[in-house]
Amino acid sequence: MPNELFDVVDENDQVLGQETRSIVHQRGLWHRGVHVLLFDREGRLLVQQRSGTKSQSPLTFDCSVSEHVKAGEGYFDAALRGLFEELNVQGIELQPLTKFKMNYGPNDNEISTLYNGTVDPEQIRFDPEEIERVDVYTIEELGALLEQKPGMFSYWFGQILLWYMQKPSALQIIKGE
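As a starting point, this report considers the structure included with it. (Residues numbered from 1 in each chain as written. Predicted model: local features only at pLDDT ≥ 70, side-chain atom pairs only at ≥ 80, totals over all residues. Heavy atoms only, no water.)

1. Here's the deal with the overall build of the protein
1) Next: On a plain count of helices and strands, the protein comes out with four helices and ten strands.
2) Next: Reading the protein from its N end, one meets helices and strands in the order β-β-α-β-β-β-β-α-β-β-β-α-α-β.
3) Next: Its C-alpha atoms give the protein a radius of gyration of 15 Å, within 12% of the compact-globule value 16 Å for 177 residues.
4) Next: Summarising its shape, the C-alpha atoms of the protein cover approximately 45 × 35 × 30 Å along the three principal directions.
5) Next: Residue burial in the protein is summarised as follows: out of 177 residues, 50% are buried.
6) Next: The long-range share in the protein, meaning contacts at least 24 apart out of those at least 6 apart in sequence, stands at 59%.
7) Next: Mean positive and mean negative side-chain charge positions of the protein (16 and 28 charges, respectively) differ by 3 Å. (Helix = DSSP H or I, 4+ residues; strand = E, 2+ residues; numbered from the N terminus. Rg over C-alpha atoms; globule rule 2.2 N^0.38 Å. Buried < 20%, exposed > 50% of the residue type's maximum accessible area, 1.4 Å probe, protein only. Contact = heavy atoms within 4.5 Å. Lys, Arg positive; Asp, Glu negative; His and termini not counted. Charge placed at Lys NZ, Arg CZ, Asp CG, Glu CD.)

2. A closer look at the side chain of E110
1) Next: Inspection of the secondary structure assignment puts E110 in strand β8 (residues 108-118).
2) Next: Buried charge without a partner: E110 forms no salt bridge, and the closest opposite charge is R21, 7.6 Å away.
3) Next: Among the polar contacts listed, one links the side chain of E110 to the side chain of H68, at a separation of 3.2 Å. (Salt bridge = Lys/Arg side-chain N within 4 Å of Asp/Glu carboxyl O. Polar contact = N/O pair within 3.5 Å; in protein donor to acceptor, adjacent residues only side chain to side chain.)

3. Here we look at helix α2 (residues 75-87)
1) Next: The terminal C-alpha atoms of α2 lie 18 Å apart, and with 13 residues this matches the ideal 18 Å at 1.5 Å per residue to within 8%.
2) Next: Listing the buried residues of α2 in full gives Y75, A78, A79, R81, G82, L83, E86 and L87.
3) Next: Those residues of α2 that are buried lie in contact with β3 (30-39), β4 (45-50), β6 (65-68), β7 (95-105), β8 and β9 (131-137).
4) Next: Phi turns positive one or two residues past the end of α2, at N88, with a value near 60°. (Expected span 1.5 Å × (residues − 1).)

Honestly, it's all geometry; don't read function into it.
Put into structure tokens, the structure is as follows:
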């Protein structure tokens, strides 16, 4: 969806205007994203493996949901939309964990909000165009995998996991959020 419209923001998350996804990524403009970490009742994290057709980080592990925020949309609404579009679930209670800025890769500068919630993995009906598969892992299992095979993870998910495990990461936490 190269013509999808995003809000362009400054490094303080103030909207400067709107631009298409392709221009935003071509020029490295700051824009918004959301990530959701969904845990099952046993405390295991639902992880998606990105589709092989994704232009960025195909077939790597990712958060339960990772989504761009569309122009005029709020972070929370984008998270709810992502839950429905990617996993076909609704009614999940989400809590914000943190807001951060980070360079996700070449020309990909985002300010993102990270949420968490609880889900029954049996409810998941993922979109096969977006996601190759989903599975659940303990944080300890993911930490060991990240250490042994970092290439299995999208860059941003690896950095989010490091932050979650209270290890040094590239997330620049935005205070007061």
